[in-house]
Amino acid sequence: IYFDGTTIGITSDLEGNYSLETRVQEAQVLTAQLLGYEPQSFTIVPGSFSEVHFRLKKTDNRLSAAIVRPDNRYLRSILRKIDESRDRNNPEKTIDWEAGLYSKIELDATNAEDLVQSGLLKKSLGFVLAFRDTSAITGQSFIPIMISENRSRKYHSLNPAFDREVMESSRISGLDQDNVMRQFTGTYLLKTNFYDREIGVFNLTVPSPAAASSQLYYNYFLVDSLQVEGRKTYVLRFHPKKLVTSPTLDGEMNIDAEDFAIRSVHASLSEESAVNWIRHINVDITNRRLPDGRWFFDEERLFIDFSIANSDHSRIVSFLGNRQLKYDPPVIGPITDPAVLSSDDPVIVWKSEEKDDAYWDSVRPYALSARERGIYDMVGILQEKPAYKWVYGIANMLITGYAESEKLGFGYG
């Protein structure tokens, strides 16, 4: 499934499910294509949620029968070469570097419409329904309750070994810039490096599909080979094996056919993975090839659905978290900043002057949508409402693992 005239696309899972989300304005015609079937296209309205069901018809072309025998040797050789090239292509294993980083987090509440429309809250909170949207991943409608933006600088050193992130500037939904959630908007707690053999998100550990040893957990399919930026690229689809009880992912990855580096990954937590209060996890990452031939991080989008209910159809209020990261080109070389070298904290928060809109417009890798800009105005009004403070406090506790009451004078976490 792909957008005509772009390189944006994805293969569906075994049941035919898929999700796509992009800021590219040219992505307006969505096409599904399958060998032996007639392609089908639909026009999409940019900036809005669309649910598109494709039903492909078989072509009339009749081909002579072919005998297909399973042979995974070529696919296994690709996974083996990824392993052999792992340390060379992993930016955290070969070089010291520092890089600027832009991050944006949005926190949304699902199933909140009925609560807002109730008699007690409709008068004071009813206007937030104008900002209602639909998740491209779960299909649930939601109301945004927080948005944050950050500019930071990441430092990675091999000897001495450390990773540190200096938060340079941030703003969080019009809230106090020293808010406790500020340090959790970086990359420390939510790190998704698929070169690691295991991926850790909060307290969840998932085997990375980009490892030969992960054939114990996944079935692999070589579904295509593409030319991306003039380089041959393999498209590998992976699905969890039956009877695997540990948390697994389901998705696809693009592998550079020359360097055997991970160009991109699109993956979601498999439906069979029961993970306490996390109902959905989706991650999209892309890496870039630098002029000197090294590979480095480029972009990441992480989606998490927090809920105490397992079903998407539950009417219990739950929370959706969206985090987007964009790395600047790295500066390669030993870390020399004395303030960074002298600190033992993985996240360093320095007080800085509040930045105006012109500053944020200049440092964003893309412009905010009209809906995202509206969230700042909406939350600025909402933050004084008692009902909002209650909802925000719950969301704050879910992200930070810490609850605090100034009135009662105690905290717990």
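Each chain carries its own residue numbering, running from 1 in the written order of its sequence. Since the coordinates come from a predicted model, pLDDT governs what is reported: local features require at least 70, and pairs of side-chain atoms require 80 or more to be given and counted, while whole-chain, interface and lining totals use all residues. To obtain the side-chain values, all non-hydrogen atoms of the structure were used and water was disregarded.

Caption draft 1: Focus on the nonpolar core. Only buried Ala, Val, Leu, Ile, Met, Phe, Trp, Tyr and Cys residues count toward a nonpolar core, and they belong to the same one when joined by side-chain atoms within 4.5 Å. Any residue under 20% of the maximum accessible area for its type is buried, any over 50% is exposed, and the rest in between are partly exposed; the area is computed with a 1.4 Å probe on protein chains only. Within the largest apolar cluster, 40 residues are counted, with the highest numbers of intra-cluster contacts made by Phe194, Leu249, Met253 and Ile262. Once residues within four sequence positions are removed from consideration, leucine 249 is found in contact with Phe194, Ile199, Val206, Pro209, Tyr218, Phe238, Pro240, Ala267, Ser268, Leu269 and Ser270. The criterion used for residue contact is that any of the two residues' heavy atoms lie within 4.5 Å.

Caption draft 2: Molecular detail of the confidence of the model for the chain. pLDDT measures how confident the predictor is about each residue, on a scale from 0 to 100. Scored by pLDDT, the chain comes out at a mean of 81, with 78% of its residues at no less than 70. Across residues 174-188 the pLDDT falls below 50, and counting only partners more than four positions away or on other chains, this stretch makes 50 contacts in the model.

Caption draft 3: Representation of helix α1 (residues 73-84) within the structure. End to end, α1 covers 16 Å across 12 residues, agreeing with the expected 16 Å (1.5 Å per residue, within 8%). Within α1, burial applies to Leu75, Ser77, Ile78, Leu79 and Ile82. Of the surrounding elements, those touching the buried residues of α1 are α2 (86-89), β11 (218-228), β12 (231-240) and β13 (249-256). The secondary structure listing takes helices from DSSP runs of H or I that are at least 4 residues long and strands from runs of E that are at least 2 residues long, numbered from the N terminus. Each residue after the first adds 1.5 Å to the expected span of a helix.

Caption draft 4: Structural context of the pattern of salt bridges. Throughout this description, the term salt bridge denotes a Lys or Arg side-chain nitrogen within 4 Å of a carboxyl oxygen of Asp or Glu. On inspection of all chains with the given rule, the structure shows 23 salt bridges. Between arginine 301 and glutamate 21 there is a salt bridge; the shortest N-O distance is 3.2 Å. You can see arginine 301 sitting in strand β16 (residues 295-306) and its partner glutamate 21 sitting in the loop between β1 (2-3) and β2 (29-32), a full 280 residues away along the chain. A residue is classified by how much of its surface remains accessible, and glutamate 21, at 49% relative accessible area, is partly exposed. Put simply, arginine 197 and aspartate 83 hold a salt bridge, and the shortest N to O gap is 3.6 Å. Of the two residues, arginine 197 sits in the loop between β8 (190-191) and β9 (198-201) while aspartate 83 sits in helix α1, which places them 114 residues apart along the sequence. The partly exposed category is assigned to arginine 197, whose relative accessible area is 44%. When salt bridges that share partners are traced, they join Glu229, Arg231, Asp256, Glu258, Asp259, Arg263 and Arg289 into one network.

Caption draft 5: Up close: the pairing of strand β14 (residues 262-269). In terms of burial, β14 is a largely internal element, seven of the eight residues being buried. Here β13 runs beside β14; their pairing, made up of seven bridges, is antiparallel. Along β14, the bridge assignment pairs asparagine 254 with serine 264. In this antiparallel pair of consecutive strands, β13 and β14, the connection spans five residues, and phenylalanine 260 shows a positive phi of 55°. In this sheet, strand β15 (residues 278-289) lies alongside β14 in antiparallel orientation, the contact comprising five bridges. Its bridge partner lying in β15, histidine 266 is registered against aspartate 284. DSSP bridges decide pairing: two strands pair if at least two such bridges lie between them.

Caption draft 6: Layout of the packing of aromatic side chains. Centres within 6.5 Å are what make two rings of Phe, Tyr or Trp a pair, Trp counting through its six-membered ring; a difference in plane orientation under 30 degrees is then read as stacked, over 60 as edge-to-face, and the rest as tilted. Taken as a whole, this structure holds 12 aromatic pairs when the rule is applied. Ring plane angle 70° and centroid distance 6.2 Å describe the contact between tyrosine 218 and tyrosine 220, whose orientation is recorded as edge-to-face. For the residue pair tyrosine 218 and tyrosine 220, the accessibility class agrees, reading buried in each case. Plain terms: the ring middles of phenylalanine 297 and tyrosine 327 are 5.5 Å apart, the flat faces sit at 40° to each other, and that makes the pair tilted. Taken together, the residues phenylalanine 297 in strand β16 and tyrosine 327 in strand β17 (residues 318-327) connect sequence positions 30 residues apart. Counting as a charge over the ring demands two things of the Lys NZ or Arg CZ atom: a distance within 6 Å of the ring centre and an angle within 35 degrees of the ring normal. In this structure, arginine 164 packs its charged tip against the face of phenylalanine 162, placed 4.1 Å from the ring centre. Lying across the ring of tyrosine 359, lysine 355 places its NZ or CZ 5.2 Å from the centre.

Caption draft 7: Quick peek at the environment of proline 329. Of note, proline 329 is situated in the loop between β17 and β18 (331-332). With 230 residues separating them in the primary sequence, proline 329 and alanine 99 have C-alpha atoms 6.4 Å apart.

Caption draft 8: Just the sheet that holds β1, in detail. Reading across from one edge, β1-β2-β3 is the order of the three strands in this open sheet, with antiparallel pairing throughout. Only two strands of the sheet have a single neighbouring strand rather than two, namely β1 and β3 (40-43).

Caption draft 9: Expanded view of unusual backbone geometry. In this chain, asparagine 159 is followed by proline 160 through a cis amide linkage whose omega measures 0°. Non-glycine residue leucine 243 carries a positive phi angle of around 70°. Exposure remark for leucine 243: the relative accessible area of 85% places this residue in the exposed category. You will see that phenylalanine 260, though not glycine, has its phi angle at about 55°, which is positive. Assignment of secondary structure puts phenylalanine 260 in the loop between β13 and β14.

Caption draft 10: Representation of the side chain of arginine 288. With respect to the helices and strands, arginine 288 occurs in strand β15. Side-chain polar atoms of arginine 288 contact the side chain of aspartate 298, separated by 2.9 Å. With sequence-adjacent residues up to four places away left out, arginine 288 is seen in contact with Arg294, Trp295, Phe296, Phe297, Asp298, Lys326, Tyr327, Asp328 and Pro329. For this analysis, a polar contact is any N or O atom pair within 3.5 Å, provided that within protein one partner can donate a hydrogen and the other can accept it, and provided that sequence-adjacent residues contribute only side-chain to side-chain pairs.

Caption draft 11: The side chain of glutamate 252, seen in detail. Of note, glutamate 252 is situated in strand β13. Overall, the relative accessible area of 9% leaves glutamate 252 in the buried class. A distance of 2.2 Å separates the side chain of glutamate 252 from the side chain of threonine 11, its partner in a polar contact. Once residues within four sequence positions are removed from consideration, glutamate 252 is found in contact with Ile10, Thr11, Val235, Leu236, Arg237, Phe238, Ser264, Val265 and His266.

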